[in-house]
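# Residue-level structural notes
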Amino acid sequence: MPELPEVECLTRVVRVALKGGRLLDAAFLRADLREPIPVDEFRRLLVGEVVEDVFRRSKYLLMKTRRGYGVIHLGMTGALVQHDTAAPQEPHTHAVFRIANRRGRESYLHYVDARRFGRISCLAGASYESHAFFENLGPEPLVCPDLGGHLFNESRGRKQPIKAFLMDARMVVGVGNIYASESLFRAGIHPEREAGSVARARYGRLAAAVRETLEASIQAGGTTFRDFRNADGKPGYFAVSLNVYDRADEPCRRCAATIRQLRQSGRSTFFCPVCQS
DNA sequence: CTGAAGACCTGCCTGC
DNA sequence: TGCAGGCAGGTCTTCA
C-alpha cells in the first residue's frame, strides 16, 4: 500500500528513467480506474513531449511537459514497474507507457493496479498547484520548516482524535494509516487523544516523529506491505522495523507491554497502552 | 462549519 | 474442497 515514502522512492526511479527524455506512447488497456482516465487529453499533453521534470506532491507523481502535467496516483494497490517489453507482464496491467530516457534508450513503464483505486490524469498549463487535486493540500512533512507549530495551530479547537487529524491531507500530506500509527508511537501520543488538547511541545515531537518515520522508510526503499513494489519490481524493506502497525497482541519493542488494536473512523489503529498517553 | 461513515474495488484470509 | 463473508485503506462523497 503505497504511502509517501513508497511514492518518493518510485518518483526517484521514474525521474532517472524519464527526466529529459520523452513519453513516446501511452497505451491504455482499460481506462476505468477510480475515475475514467482522460485518454485523449493525456496523450495530447504528454505523448511526444520532452519530460522536463518528474516530481512528487503528496502521494501524486507528476510528469511535467511544456503543455502540462501527467498525474499518477497509485491508490492502494497501484505500482509502476519498468520493463523492456510492452506486453503486460502480470494481471491488472491497465496502462503501458513507452518512454525514452535522455539518451534515447527506450523502455516501458507498466501501470498495474489490482483494485483500481488509483488515478491517471493530466492537467493542462504551466502550474498544477491550483488544480482541485492539490489546492487544499497541507504542507509536505519532509520540508515544512515548522510542521509542529503548523499542526499545533491547526489543531486548536478540534475535538477529532489526533490520529484522524494527522491523516487529514489538509493538515499535512503523506501520513497514511501505517505511518500515523508509527509516528504517534514514536512521539508517545495516544491515538485517541483530542487533537485540540495536545500541547505545542508534543506537536513538536510528533512532527519530528513523522519526519523520522518517513525518512527511515525512504532510506529503506519504502515499506513492504502486501502490494507495494518499487519501479524496478523490488520490494522495500521497512516492514521489519514497524513498531506497532499490524502487531496487535505482540510485545512492545520498547516496554514489552501488549500492543493493542482499535478502530478509528473505520481504520485500524495500533498503539502501546504504556508508551502512549 | 465539523467529524464520522459510506462507497469505490478485488485479492487474500478465515471459518464453516 | 468450496464458498461466503470480512478485511485491507486513499480519497472523495454523503450525511448528521
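None of the values given here were measured: they were computed from a predicted structure. All residue numbers here refer to positions counted from 1 along the written sequence of the relevant chain. Just so you know, chain letters begin at A and ligand numbers begin at 1, following the order they were written in. Local features in a predicted model are, by the rule used here, given only for residues with pLDDT of at least 70; side-chain atom pairs are given and counted only at 80 or more, and totals for whole chains, interfaces and linings are based on all residues. Water and hydrogen atoms were dropped before computing side-chain values, which therefore reflect all heavy atoms in the structure.

A few words on the pairing of strand β10 (residues 267–271). Put simply, side chains in a regular strand alternate between the two faces of the sheet. The cut-offs for exposure are 20% and 50% of the maximum accessible area for each residue type, with area from a 1.4 Å probe on protein chains only; residues under the lower value are buried, those over the upper are exposed, and the others partly exposed. Only runs of H or I of at least four residues qualify as helices and only runs of E of at least two qualify as strands under DSSP, and these elements are numbered from the N terminus. Where burial is concerned, most of β10 is hidden: 4 out of the 5 residues are buried. Joining the antiparallel neighbours strand β9 (residues 260–264) and β10 is a turn of 2 residues, in which Ser 265 adopts a positive phi near 50 degrees. Two strands pair if DSSP finds at least two bridges between them.

Another point: the protein's contact with DNA strand C. In the region of DNA strand C, 18 residues are neighbours, and His 73, Phe 117, Tyr 245, Arg 263 and Arg 267 sit closest. Residues are classed as near a molecule or strand on a simple rule: at least one heavy atom within 4 Å of it. If you look at DNA strand C and keep only atoms within 4 Å of the protein, 56% of those are sugar or phosphate atoms. In protein, a polar contact means a hydrogen-donor-capable atom and an acceptor-capable atom, both N or O and within 3.5 Å, with residues adjacent in sequence counting only if both atoms are side-chain atoms; elsewhere, any N or O pair within 3.5 Å suffices. Contact between DNA strand C and Arg 263: a phosphate oxygen at 2.7 Å from a side-chain N or O atom of the residue. For DNA strand C, a phosphate oxygen lies 2.8 Å from a polar atom in the side chain of Ser 268.

All the domain ranges listed were derived from an automatic or database domain assignment. Each domain of chain A was delimited in the assignment, giving domain 1 (4–124) and domain 2 (147–271). Here domain 1 and domain 2 have C-alpha centroids that lie 28 Å from each other.

What follows deals with the protein's contact with DNA strand B. In the neighbourhood of DNA strand B, the contacting residues comprise His 92, Ala 114, Arg 115, Arg 116, Phe 117, Arg 158, Lys 159, Gln 160, Pro 161 and Ser 265. Within 4 Å of the protein, the contacting atoms of DNA strand B are 64% sugar and phosphate, with bases supplying the remainder. Measuring from a phosphate oxygen of DNA strand B, one finds a side-chain N or O atom of His 92 at 2.6 Å. Arg 158 places a side-chain nitrogen or oxygen 2.8 Å from a phosphate oxygen of DNA strand B. Here the nonpolar group is Ala, Val, Leu, Ile, Met, Phe, Trp, Tyr, Cys and Pro; Asp, Glu, Lys and Arg are the charged ones; every other residue, Gly included, is treated as polar. A per-class count over the surface near DNA strand B returns 3 nonpolar, 3 polar and 4 charged.

It is worth spelling out the environment of Val 16 at this point. Within the fold, Val 16 resides in helix α1 (residues 4–18). Its relative accessible area of 67% is what places Val 16 among the exposed residues. In the structure, Val 16 is positioned 141 residues away from Gly 157 in sequence and 45 Å away in space, judged by C-alpha atoms.

Let us now look at the nonpolar core. What we call a nonpolar core is a set of buried Ala, Val, Leu, Ile, Met, Phe, Trp, Tyr and Cys residues that are connected through their side-chain atoms within 4.5 Å. Membership of the largest hydrophobic core comes to 37 residues, with the highest contact counts inside it found for Leu 151, Ile 162, Leu 166, Tyr 203 and Leu 206. Leave out the neighbours within four places in its chain, and Leu 151 touches Phe 165, Leu 166, Met 171, Val 172 and Tyr 203. By size, the runner-up hydrophobic cluster in this structure holds 27 residues, among which are Val 14, Ala 17, Leu 23 and Val 54. By definition, residues are in contact when any of their heavy atoms lie within 4.5 Å.

If you trace the 4 strands from one edge of the open sheet to the other, you get β1-β6-β7-β5, paired in antiparallel fashion. Two strands in the sheet have a free side with no partner beyond their single neighbour: β1 (22–28) and β5 (78–83). On average, adjacent strands in this sheet sit at an angle of 20 degrees to one another, irrespective of strand direction. When β1 meets strand β6 (residues 93–100), the two strands line up antiparallel, connected through 6 bridges. When the sheet's bridge partners are listed, Phe 28 is paired in β6 with Ala 95. Axes, fitted as lines to C-alpha atoms, cover a helix only where it is in contact. Angles between the N-to-C directions of the axes lie from 0 to 180 degrees. Where α1 meets the sheet, its contacts fall on β1, β5, β6 and β7 (106–113), and the angle it forms with β6 comes to roughly 45 degrees. This element, helix α2 (residues 39–46), spans β1 and β6 of the sheet and lies at about 170 degrees to β1.

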